[in-house]
Amino acid sequence: MTVLVLGGAGYIGSHAVEMLHAVGYDVAVVDNLVTGHKEALPEVIRFYEGDVRDREFMREVFKKEKHIEGVMHFCAYSLVSESMEKPMKYFDNNVGGCISILEIMQEFNVKHIVFSSTAATFGIPESSPISEKTPQKPINPYGESKLMMEKMMDWQSKATDMTYVALRYFNVAGASDDGHIGEAHNPETHLIPIILQVALGKRDNVTIYGDDYKTPDGTCIRDYIDMEDLIDAHIKALEYLKAGGKSDQFNLGSAHGYSNLEVLNAARKVTGKEIPSKIGPRRPGDPDELVADASKAGHVLKWKAEHGLEHIIEKAWNWHLNHPNGF
């Protein structure tokens, strides 16, 4: 039986493909390569280049892949700042793509989907850590689009026999253990790879946005989750659905927060580099602290994050050393 990975050539999707293949799943990938990299995929994987919004294309994929037992859905635009400037791009791609996927799944009687959601659906929460009961009040079109996708899956699950799991990530980072796939975005907007680009000499310095937050050192606190821990949760979620588990949503994080300065100092320790930094103005809408309460995933999926910040940075640094220009 086959797992169809949508957006499987992207940063998170490619790690899912590799880990699914490693544990014995038959895997096929759909990706339009707008942000993905075909080079990140094992040669043995069946690959279909196209857009999930193209229903005829997706029908052909489902016809060729006759034994799909589940879908992992990673394909979405995900830049918060861009979503503020181009909201319709995000609703068209993210929400429109989800409609197409759910319709084709129903047409071909595919029952299970594991969905890549985000902590951005919570907006600026009133308290931390954040549980699944925390109100979802997104403050940007990216988070709003992901929440809409969650709701569509929930209604489709109520109306049909399809089941889903929505996994709300906090800050994903790291690379594969052997260092051959990792994070390669253009433009890069995530803190850890930006810090490591400075360590490589590809940037002059890293800007820490704001040092007057209500945190011990004044910089934002975020929850970082190791990439391979994250994909382990996806595989457990799929197995949970295959075993008859009901549709549900789970927060994924380490349940431990690190400030931006702590991340910077950890990277200095791992790399042995000075990594120059400067303080910039706050970015609008950045909460003081975002930390996950991942206890529900532990209870239901029997999952927990195994790796801490230095391990995450070590793997990311190994990737950047071996791929200074990306793929």
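Nothing here was measured: the structure is a model prediction, and the numbers come from that model.

(A) Structural detail: the sheet that holds strand 6 (residues 163-169). Strand order across the open sheet formed by seven strands is 3-2-1-4-5-6-10, with parallel pairing between neighbours. Where the open sheet ends on each side, the last strands, each with one partner, are strand 3 (46-49) and strand 10 (248-252). In this sheet, adjacent strand axes meet at a mean angle of 20° when their direction is disregarded. In terms of strand pairing, strand 1 (residues 2-6) meets strand 2 (residues 26-31) through five bridges, oriented parallel. Its bridge partner being in strand 2, Val3 is matched across the sheet by Val27. Relative to the sheet, helix 2 (residues 55-64) contacts strand 1, strand 2, strand 3 and strand 4 (68-73), its axis offset from that of strand 3 by approximately 165°. On the sheet, helix 7 (residues 227-242) packs against strand 1, strand 4, strand 5 (112-118), strand 6 and strand 10 and is oriented at approximately 160° with respect to strand 6.

(B) Up close: the nonpolar core. Counting 38 residues, the largest nonpolar core has Ile12, Met72, Leu167, Leu230 and Leu252 as its most contacted members. Counting only elements with at least two residues in this core, the list comes to strand 1, helix 1 (11-22), strand 2, strand 6, helix 7, strand 10 and helix 9 (295-301). The leading source of residues in this core is helix 7, at nine residues. Grouped together as the second largest cluster of nonpolar side chains are 27 residues, Val61, Ile101, Leu102 and Ile104 included.

(C) Molecular detail of unusual backbone geometry. Backbone torsion omega between Ser128 and Pro129 reads 5°, so that peptide bond is classified as cis. Within the secondary structure layout, Pro129 lies in the loop between strand 5 and helix 5 (141-159). Non-glycine residue Leu33 carries a positive phi angle of around 65°. Along the chain, Leu33 turns up in the loop between strand 2 and strand 3.

(D) Structural context of the pairing of strand 10. Across the five residues of strand 10, five count as buried, placing the element largely inside the fold. Of the two faces of strand 10, the one holding Asp248, Phe250 and Leu252 and the one holding Gln249 and Asn251 are both buried throughout. Bridge analysis of strand 6 against strand 10 gives five bridges, and the strand direction is parallel. The residue bridging Val165 from the neighbouring strand is Asp248, located in strand 10.

(E) Representation of the packing of helix 6 (residues 191-199) against helix 10 (residues 309-322) within the structure. It is at 10 Å that the axes of helix 6 and helix 10 come closest, and there the two elements cross at 55°. Classified by the angle between their axes, helix 6 and helix 10 sit oblique to one another. The interaxial crossing formed by helix 6 with helix 10 has right-handed handedness. Here helix 6 contributes Ile192, Pro193, Leu196 and Ala199 to the contact with helix 10, which in turn contributes Leu309, Ile312, Ile313, Ala316, Trp317 and His320. Classifying every residue of the contact of helix 6 with helix 10 by side-chain character gives nine nonpolar, one polar and no charged.

(F) Looking closely at helix 2. Residues Phe57, Met58, Val61 and Phe62 constitute the buried set of helix 2. Relative to the axis of helix 2, the buried residues are bounded by an arc of 135° and lie together on one face. Of the exposed residues in helix 2, the ones pointing more than 90 degrees away from its buried face are Glu56 and Lys64. Among the structural elements, strand 1, strand 2, strand 3, strand 4 and helix 4 (87-107) are those in contact with the buried residues of helix 2. Regarding helix 2, its N-cap is Asp54, as a side-chain oxygen of that residue lies 3.3 Å from the backbone nitrogen of Glu56 further along.

Rules used throughout
Residues numbered from 1 in each chain as written. Predicted model: local features only at pLDDT ≥ 70, side-chain atom pairs only at ≥ 80, totals over all residues. Heavy atoms only, no water. Pairing = 2+ DSSP bridges. Helix = DSSP H or I, 4+ residues; strand = E, 2+ residues; numbered from the N terminus. Axes fitted to C-alpha atoms, helices over the stretch in contact; angles between N-to-C directions. Contact = heavy atoms within 4.5 Å. Core = buried A, V, L, I, M, F, W, Y, C linked by side-chain atoms within 4.5 Å. Buried < 20%, exposed > 50% of the residue type's maximum accessible area, 1.4 Å probe, protein only. Parallel < 35°, antiparallel > 145°, perpendicular 65-115°, else oblique. Left-handed = near helix turned anticlockwise from the far one by under 90°. Nonpolar A, V, L, I, M, F, W, Y, C, P; charged D, E, K, R; others polar. Arc of directions from axis to C-beta. Polar contact = N/O pair within 3.5 Å; in protein donor to acceptor, adjacent residues only side chain to side chain.

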